[in-house]
Amino acid sequence: MKDFFKRYSYESVRLFINQVVIGLFGLVLALAAGIAENETLRVVTGIFSVIFFLFMQFASAWRIGAEDKMSADLGKRKLDLSVPFKVWLLANSLNLLLALLIALGVWFGNGGVLSSVSGGATMIKMIIEGMYTGLLASHVGGAPLNSYWFVHFLTVLPALPVIVAAYICGAKNINFGGLFMPNVKK
């Protein structure tokens, strides 16, 4: 486990920082659409923000897979297909903790300290996962999606298959026409 943290903690932090940056971008787009009172624009910018976020996650995870392939080809280590799941889990640990705090506040808050903690967690989550804000403001069943506790767990899931697929593509050198290949001068 120590070797995993040594090798992949930087990559996990990079995935998380990409998320925060794109989250701020998505939050600003959602707020602008909200000020314009244009629900269609809010949903479209929300979808665009999520796709952009997943593309950035794919690019970073592809590079991790490609680097692991090089290490495996050199005989330094075996290729481990559990790595992308572990990297995803490490990168999303704060998101999952915040979702848990939100759920606990909904279940057991009743206006006490846990409700306040849940409210704070919701605000932090809205900032760091701002790419979903435009979509989560949509009303379903008479309430906005972000008012349902389980939705906060669901927002971390789209990145998982993307990171796993990207890692496998990187490890198998599937590069989509050089899109993820580094520029190397000949």
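Given the structure is predicted, the values throughout are model-derived calculations rather than measurements. (Residues numbered from 1 in each chain as written. Predicted model: local features only at pLDDT ≥ 70, side-chain atom pairs only at ≥ 80, totals over all residues. Heavy atoms only, no water.)

Q: Summarise the nonpolar core; cite the residues concerned and give the values.
A: Counting residues in each nonpolar core, the largest one holds 28 residues, and the members touching the most others are F53 and V87. Broken down by element, the residue count for this core peaks at 8 residues, all from helix α2 (residues 39-73). Residue contacts for V87: discarding those within four places in its chain leaves F4, Y8, S12, L15 and I64. (Core = buried A, V, L, I, M, F, W, Y, C linked by side-chain atoms within 4.5 Å. Buried < 20%, exposed > 50% of the residue type's maximum accessible area, 1.4 Å probe, protein only. Helix = DSSP H or I, 4+ residues; strand = E, 2+ residues; numbered from the N terminus. Contact = heavy atoms within 4.5 Å.)

Q: Give a description of the packing of aromatic side chains that names residues and reports values.
A: Summed over all chains, the structure comprises 12 aromatic pairs. Counting every residue linked through ring pairs, the aromatic cluster contains W107, F108, Y148, W149, F150 and F153. When the ring centre of F4 is taken as origin, the NZ or CZ atom of K86, which lies over that ring, is 5.9 Å away. (Phe/Tyr/Trp six-rings, centres within 6.5 Å; stacked < 30°, edge-to-face > 60°. Lys NZ or Arg CZ within 6 Å of the ring centre and 35° of its normal.)

Q: Explain the pattern of salt bridges to me, using residue names and the numbers behind them.
A: Any two side chains of opposite charge can pair, on the condition that their charged atoms come close. Within the structure shown, the criterion is met by 7 salt bridges. In this structure, R14 engages E11 in a salt bridge whose closest nitrogen and oxygen atoms are separated by 3.9 Å. Of this pair, R14 and E11 both sit in helix α1 (residues 2-35), 3 residues apart, which is roughly one turn of that helix. Under the relative-accessibility criterion, R14 is labelled partly exposed at 28%. Given the relative accessible area of 8%, E11 is considered buried. One salt-bridge network, held together by shared partners, links E11, R14, R63 and E67. (Salt bridge = Lys/Arg side-chain N within 4 Å of Asp/Glu carboxyl O.)

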